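The chain contents come next:
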Amino acid sequence: MICFDNVSKIYSASPGAVSGAIVSAKKPLRRGKVASSGKPALSNISFSLQQGSFNFITGHSGAGKSTLLRLLAGLERPSSGEIYFENNALHLLKDSRLTGIRENMGIVFQDNQLLYDRSVFDNVALPLIISRRRKREIIDRVTAALKRVGLADRADAMPEVLSGGEQQRVGIARAVVNRPRVLLADEPTGNLDPGMSHDILRLFRHFNAAGVTVIIATHDLTLLETRHHNRLVLKNGQLHSGGPVPDQTNGQRPANAAASTTTQWVAEPVNGAPDYVD
Ligand SMILES: Nc1ncnc2c1ncn2[C@@H]1O[C@H](COP(=O)(O)OP(=O)(O)O)[C@@H](O)[C@H]1O
Ligand SMILES: [Mg+2]
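Cut-offs used in this document
Residues numbered from 1 in each chain as written. Chains lettered and ligands numbered in written order. Predicted model: local features only at pLDDT ≥ 70, side-chain atom pairs only at ≥ 80, totals over all residues. Helix = DSSP H or I, 4+ residues; strand = E, 2+ residues; numbered from the N terminus. Buried ≥ 20, exposed ≤ 12 C-beta atoms within 10 Å, placed from the backbone. Contact = placed C-beta atoms within 7 Å. Axes fitted to C-alpha atoms, helices over the stretch in contact; angles between N-to-C directions. Parallel < 35°, antiparallel > 145°, perpendicular 65-115°, else oblique. Left-handed = near helix turned anticlockwise from the far one by under 90°. Nonpolar A, V, L, I, M, F, W, Y, C, P; charged D, E, K, R; others polar.

## Quick look at the overall build of the chain
At step 1: The helix and strand tally for the chain stands at 6 helices and 11 strands.
At step 2: Considering the chain as a whole, with its 278 residues, one finds that 42% of them fall into the buried category.
At step 3: The contacts in the chain between residues at least 6 apart in sequence include a share of 75% that link residues at least 24 apart.

## Describing the packing of helix α3 (residues 120–130) against helix α5 (residues 164–176)
At step 1: Packing of α3 against α5 leaves a shortest axis separation of 7 Å and a crossing angle of 30°. When the axes of α3 and α5 are compared, the pair comes out roughly parallel. For the pair α3 and α5, the sense of crossing is right-handed. For the pair α3 and α5, the contacting residues are Val120, Asn123, Val124, Leu126 and Pro127 in the first and Val170, Ala173 and Arg174 in the second.
At step 2: For the contact of α3 with α5, a count of residues per class yields 6 nonpolar, 1 polar and 1 charged.

## Some words on unusual backbone geometry
At step 1: Here Asn87, not a glycine, exhibits a phi torsion of approximately 70°, which is positive.
At step 2: Along the chain, Asn87 turns up in the loop between β4 (80–85) and β5 (88–89).
At step 3: A positive phi angle, close to 55°, is found at Arg179, a residue other than glycine.
At step 4: Mapping Arg179 onto the fold places it in the loop between α5 and β7 (182–186).
At step 5: Accessibility expressed as a C-beta count within 10 Å gives 19 for Arg179, which makes it partly exposed.

## Structural notes on the environment of Ile172
At step 1: Take Ile172: it is sitting in helix α5.
At step 2: By the C-beta count within 10 Å, which is 25 here, Ile172 ends up buried.
At step 3: Residues Ile172 and Ala145 lie 27 residues apart in sequence; the distance between their C-alpha atoms is 8.7 Å.
At step 4: Once you skip the residues sitting within four places of it in the chain, Ile172 turns out to touch Val108, Val149 and Leu203.

## A few points about the packing of α3 against helix α4 (residues 135–148)
At step 1: One can describe the packing of α3 onto α4 by two numbers: an axis separation of 9 Å at closest approach and a directional angle of 125°. As the angle between them shows, α3 and α4 are arranged oblique. Like other packed secondary-structure pairs, α3 and α4 cross with a definite hand, here right-handed. On α4, the residues that touch Phe121, Val124, Ala125, Leu128 and Ile129 of α3 are Ile138, Arg141, Val142, Ala145 and Leu146.

In structure tokens:
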């Protein structure tokens, strides 16, 4: 479903570039050509993920986690290598096509990126308004998404009166309201205390159980539970290790999941369209 083949990313040294910021897609570099200056944010990364899998990307700050997610979301272009999402060659697509493909992806940010002058309902409705859904459908879907994240009674509230955990749940409702097949989360619990973090993780588990592929970038290893998931470890932009973590192993990886540049992850696929918001 998702495949990175020998992907490298070197940011062009533009003054004022902000590390970690989500920026709009830049002009594509020519395929196969690596910009000449700067240290690679990612080097020769290869892996594949199956539909319905639950995945963590871990690594120290600056390891390349956000870059990997941005490449996957088509918000950045690879400097070299190939990226596939459901048979779409993202590295070859025009920006306009990438925008369409991104409708299949829900994205959750550490700082939730809510609009503070709009109600909770309006924040969650935003992706549906952008994709020009009908009013009735917007009302139904937003109501269902808010119910799923436990905020059905806060639809009319303004974000600033909510707790940090509640605000993050609004961000998650907004990410799933378009019924994406993939949920990408960049440090989704970075601003939350451990109790709230685990509530948020449970929500991701819930969507995953409905068939959604989940990919969470985090440097917080306490989030990694013993339940089944895949883990991709980045170190200085390189894939250090990855592979399946089976149930009840207390986080120990099997011997056959040793360091490898090409990792075929083996999560069980879940068939059928996600039906988690209605
Ligand atoms: N927009 C950018 N412009 C230039 N360099 C960047 C940009 N974003 C990230 N980097 C650099 O790429 C490397 C990986 O960063 P990032 O993907 O944000 O790592 P992580 O999310 O693991 O902290 C770092 O060295 C960072 O400084
Ligand atoms: Mg990051």
